[in-house]
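Examination of the molecular architecture
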Amino acid sequence: MDTVIESLQQFWHFTGFANVTWQNLIMIAIGIGFIAIAIIKGWEPLLLVPIGFGMIIGNIPMFPGLNIGIYEDGSVLNTLYQGVKQGWYPPLIFLGIGAMTDFSALISQPRLLLIGAAAQMGIFGAYLLALVLGFDPNQAGAIGIIGGADGPTAIFLSSKLAPDLMGAIAVSAYSYMALVPVIQRPIMLLFTTKKERLIRMPKPRVVSQKEKIFFPVIGFLLTAFIVPSGLPLLGMLFFGNLLKESGVTRRLAEVARGPIVDTVTTLIGLTVGASTQADKFLTGNSVKIFILGLLSFVIATASGVLFVKLWNLFLKPGHKINPLIGNAGVSAVPDSARVSEIVGREFDPDNHLLMHAMGPNVAGVIGSAVAAGILLGFLG
Amino acid sequence: MKYKNILTIAAGLLFCCATLSAQNLSDMRVTEIVADNETGLVDDFGVRSGWIELFNNSYGTVSYGGCYLTNDRSDLKKYRIPSNDKSTTLKPRQSVLFFAGGSGEKGTYYTNFIVEKGQTVYMVSNDGRTIIDSLKIPEDLQPDKSVKKVPVGIKETDFEIENDSEPSPGSYNGDVNAKSKSQLMKEKDPHGWVLTLISVITVFIALILLAFVFTAIGNRSIRERKTKEKKASKKYSENMSPEVAAAISIALSQEFGGEAFAAIALALDDYLGGGVHDAESYVITIKPTPGSQWNEKTQNFRQLPRK
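Owing to the predicted nature of the structure, the values given are computational and were not obtained by experimental measurement. (Residues numbered from 1 in each chain as written. Chains lettered and ligands numbered in written order. Predicted model: local features only at pLDDT ≥ 70, side-chain atom pairs only at ≥ 80, totals over all residues. Heavy atoms only, no water.)

We now examine the overall build of chain A. Regarding its fold elements, chain A presents 21 helices and 0 strands. Relative to its length of 380 residues, chain A is compact, with a C-alpha radius of gyration of 22 Å against a globular reference of 21 Å. Projected onto the principal axes, the alpha-carbon positions of chain A cover approximately 90 × 45 × 40 Å. Among the 380 residues that make up chain A, the fraction classed as buried is 58%. Sequence separation of 24 or more characterises 76% of the internal contacts of chain A that already satisfy a separation of 6 or more. Per element, the accessible surface of chain A, about 15400 Å² overall, is 70% carbon and sulfur. Between the averaged position of the 24 positive side-chain charges in chain A and that of its 20 negative side-chain charges there is a distance of 16 Å. (Helix = DSSP H or I, 4+ residues; strand = E, 2+ residues; numbered from the N terminus. Rg over C-alpha atoms; globule rule 2.2 N^0.38 Å. Buried < 20%, exposed > 50% of the residue type's maximum accessible area, 1.4 Å probe, protein only. Contact = heavy atoms within 4.5 Å. Areas by Shrake-Rupley, 256 points an atom, 1.4 Å probe, with all protein chains shown as cover. Lys, Arg positive; Asp, Glu negative; His and termini not counted. Charge placed at Lys NZ, Arg CZ, Asp CG, Glu CD.)

A few words now on the packing of aromatic side chains. Per the counting criterion, the structure on display carries 17 aromatic pairs over all chains. Note on Trp-12 of chain A and Phe-17 of chain A: the rings are 6.4 Å apart at their centroids and 5° apart in plane angle, and the pair reads as stacked. Since its relative accessible area comes to 68%, Phe-17 of chain A is described here as exposed. With centroids separated by 6.4 Å and ring planes inclined at 85°, the aromatic side chains of Phe-281 of chain A and Phe-290 of chain A adopt a geometry described as edge-to-face. Note on Phe-290 of chain A: relative accessible area 25%, which makes it partly exposed. Joined through ring pairs, the aromatic side chains of Phe-103, Phe-215 and Phe-238 of chain A together with Phe-214 of chain B make up one cluster. The ring of Phe-347 of chain A is capped by Arg-197 of chain A, whose NZ or CZ atom sits 4.6 Å from the centre of that ring. (Phe/Tyr/Trp six-rings, centres within 6.5 Å; stacked < 30°, edge-to-face > 60°. Lys NZ or Arg CZ within 6 Å of the ring centre and 35° of its normal.)

The subject of this paragraph is the interface of chain B and chain A. The partner chain A presents 43 residues to the 35 residues of chain B that form the contact. Between chain B and chain A the total buried area reaches about 3300 Å² when both faces are included, carbon and sulfur atoms providing 77% of it. Scanning the region where chain B abuts chain A turns up 2 salt bridges. With its nearest N and O atoms 3.2 Å apart, the salt bridge here joins Lys-210 of chain A to Glu-224 of chain B. Inspection of the chain B/chain A interface yields 6 residue pairs in polar contact (both at pLDDT 80 or more). For the side of chain B that touches chain A, the elements supplying multiple residues, two or more each, are α2 (181-188) and α3 (193-239) of chain B. Here the element with the most residues in the side of chain B that touches chain A is α3 of chain B; it accounts for 25 residues. (Buried area = accessible area lost by both parts, 1.4 Å probe. Salt bridge = Lys/Arg side-chain N within 4 Å of Asp/Glu carboxyl O. Polar contact = N/O pair within 3.5 Å; in protein donor to acceptor, adjacent residues only side chain to side chain.)

Below, the discussion takes up a nonpolar patch on the surface. A contiguous nonpolar surface patch, about 410 Å² in accessible area, is contributed by Ile-226 of chain A together with Leu-197, Ile-201, Ile-205 and Leu-209 of chain B. Ranked by residue count, the leading element in the nonpolar patch is α3 of chain B, at 4 residues. (Patch = residues over 30% accessible without salt bridge, like charges linked within 9 Å, V, L, I, M, F, W, Y side chains within 5 Å.)

For the rest of this paragraph, the subject is unusual backbone geometry. Residues and elements named next belong to chain B. Here Arg-93, not a glycine, exhibits a phi torsion of approximately 60°, which is positive. With respect to the element layout, Arg-93 can be found in the loop between β6 (89-90) and β7 (95-100). Take Arg-93: its relative accessible area is 16%, and that puts it in the buried class. Residues other than glycine seldom take positive phi values, yet Asp-144 does so here, at roughly 65°. Relative to the elements of secondary structure, Asp-144 occurs in the loop between β9 (131-136) and β10 (146-152). Judged by its relative accessible area of 19%, Asp-144 falls in the buried class.

Let us look at the sheet that holds β9 of chain B. All names here are of chain B. Taken together, 4 strands build an open sheet; the order of strands is β5-β4-β8-β9 and the sheet is antiparallel. The open sheet has two edge strands, β5 (79-80) and β9, and neither has a second partner. The sheet contact formed by strand β8 (residues 120-124) and β9 spans 5 bridges and is antiparallel. Each bridged residue has a counterpart across the sheet, and for Thr-120 the counterpart in β9 is Lys-136. (Pairing = 2+ DSSP bridges.)

Let's shift gears to the side chain of Asn-78 of chain A. Positionally, Asn-78 of chain A belongs in helix α5 (residues 76-85). Look past the residues within four positions of Asn-78 of chain A in its chain and what remains in contact with it is Gly-69, Ile-70, Tyr-71, Glu-72 and Asp-73 of chain A.

Now for the sheet that holds β7 of chain B. Residue and element names in this part refer to chain B. The sheet built from 5 strands is open, its strands ordered β7-β2-β1-β10-β11 with antiparallel pairing. The open sheet terminates on both sides in strands that have one partner only, identified here as β7 and β11 (158-165). Mean inter-strand twist for the sheet, computed between neighbouring axes without regard to direction, equals 30°. Note: strand β1 (residues 28-34) against strand β2 (residues 50-56), 6 bridges, orientation antiparallel. In the strand pairing of β2, Glu-32 is matched with Glu-53. (Axes fitted to C-alpha atoms, helices over the stretch in contact; angles between N-to-C directions.)

With that settled, the discussion passes to helix α12 (residues 166-178) of chain A. With 13 residues, α12 of chain A extends 18 Å from end C-alpha to end C-alpha; this agrees with the ideal 18 Å at 1.5 Å per step. With 13 of 13 residues buried, α12 of chain A is to be regarded as a mostly interior element. (Expected span 1.5 Å × (residues − 1).)

What follows concerns helix α21 (residues 354-379) of chain A. Taking 1.5 Å per residue, 26 residues should reach 38 Å; α21 of chain A reaches 36 Å between its end C-alpha atoms and fits that length. In terms of residue burial, α21 of chain A counts as a mostly covered element, since 22 of its 26 residues are buried.

Here Gln-184 of chain A is to be found in helix α13 (residues 180-191). For Gln-184 of chain A, the contacting residues outside a window of four places in its chain are Thr-301, Asn-327, Val-330, Ser-336 and Val-339 of chain A.

All right, on to the environment of Pro-232 of chain A then. All names here are of chain A. The topology assignment puts Pro-232 in helix α16 (residues 231-245). When the C-alpha atoms of Pro-232 and Phe-94 are compared, they prove to be 8.9 Å apart, with 138 residues separating the residues in sequence. Residue contacts for Pro-232: discarding those within four places in its chain leaves Pro-91 and Phe-156.

One finds Ile-143, Phe-215, Ile-321 and Ile-366 of chain A to be the most contacted residues of the largest nonpolar core, which totals 121 residues. Top contributing element to this core by residue count: α21 of chain A, with 14 residues. Sequence-distant contacts of Phe-215 of chain A, that is, excluding residues within four places in its chain, are made with Phe-103, Leu-106, Ile-107, Phe-220, Phe-238, Asn-241 and Ile-366 of chain A together with Leu-210 and Phe-214 of chain B. Counting 26 residues, the second-largest nonpolar core is a separate cluster that includes Ala-35, Phe-113, Leu-135 and Ile-137 of chain B. (Core = buried A, V, L, I, M, F, W, Y, C linked by side-chain atoms within 4.5 Å.)

What follows is the structure, encoded as structure tokens:
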């Protein structure tokens, strides 16, 4: 009888109920919240569902030493987590993004690239604020990249500059990306007048296949020579796009934008979520990171819109740009471009801004990869 | 012509491989030598002798088995490092020691020659001819002192020679307490304004360059298109007068209506896979398909059964 009771007691110590802490329960609740938001609201479900479930997995209280935890060498989760830790999932996602992105909107109006550059102010604004809050420069750089509104880039850079903050940075980046429509709209309305919102832009010209093929090759050479440290992201992005546009590698492009990107997105979401174990995640720094992340999105959106307004001062009538596409300079593709379209049509139902907003939107992807490369070069 | 292309590619690949291999070994450096070891390092046999330190100056693993060490310019193959010893690989930025007591029979890491003041020690590639690196031992080197190469520069891949140094066998010759880039940045730019300014300018320069290049390419493309359009319209106007074209168009629209045009356009777009004809938006291009296409998926399409 004693043996049975002893065994039951031992079993009890192995269970989650014996090891649970209130922090674990909070994280599990947040994970369930993420899943609920994704399903009910439909916000970034492809990311929030894996991250949310990963949070639940990572916060199941367990007896250490069973070699099953994400931070225990050789466990299944730890092996899958290496893609995040070593930074090879994000470039694979960039390969898929390149293979699914049509850069025509940008190629037809190359001047819109500058909006993508202006919106990167969110990254550097958050960097400056993070330094004020007492973070080290490498940590500040990793936090700042949230303003790029690009999850894979945020994971890539934080894995190199501040691996200890990666969980909070990744969750913050993806959360705010899901909230792009909520965050950006009021800022866009705040900084634009009714007259500006009604500006109609000329229809973009048709882009030839030759130009589409030139773009990834020349784009890669130019950006990678300036910022070689951005090579993994830029290389994969432009390579993926070349697969799409070359016209002779259709099968490879389909694999890159289909099975590869789906597999990696699933794994990156799950493992990033699982890495947010309560003891590592629920800290004062995480709260600061969430605040800075929000501010970085605000700064990025405001910078894009204000830059367009400033630029318009120098443009002739008929060539002016609707400042409602300024928000799309952050690289949350295509959500922020969709916000431009929706807000634009609120004021003029026949004014379609989507095709114009896609230009700065994809420029934002390139801009944030370049910015990540610069930060890595200086602080890595 | 085909064989010529294959040969060219093969030659190119061979050249690349040869260069890569050479590049790995060429990153090896002779970084430190002690000639007169009176009170210093003792080898595994309890003997004090001079020693030579080799350093992998790259960020990749280098296999140096099969290379040679020598203190004689006229005999570059004096001591061959065994190639079948699996330990003769060096991880990035790591170093390895060779005891130079003239007793090569003791093992891989014991040379068959003795290093003395005034000599130059060479590391020679596995071809026995190419000198990878060398280090001269000064005549006046003090006992128990070393001549060493100290990494300098931002990348720490260049070296300057330091005489009469305290020996540091197997250790990194640079500053092991060097500050990280982040720490240096914290000292130089505590508020982050300099980094921000440089970064913003760089992002703008990169994207402005891209915009500039693609504006030029776009303008050229527009010019080419206009020329093509001109030629095409000239060609068609020779075959068919505008009156005839208008008459056919009216006849078609009266016969079939606008829906027929829409259906034809959709069918063509579908056949071309969508977006294929955007290279020449004014001409619909039908590409010839090679072979019989018997195994194409489209050849096996069946109408879905009606419920």
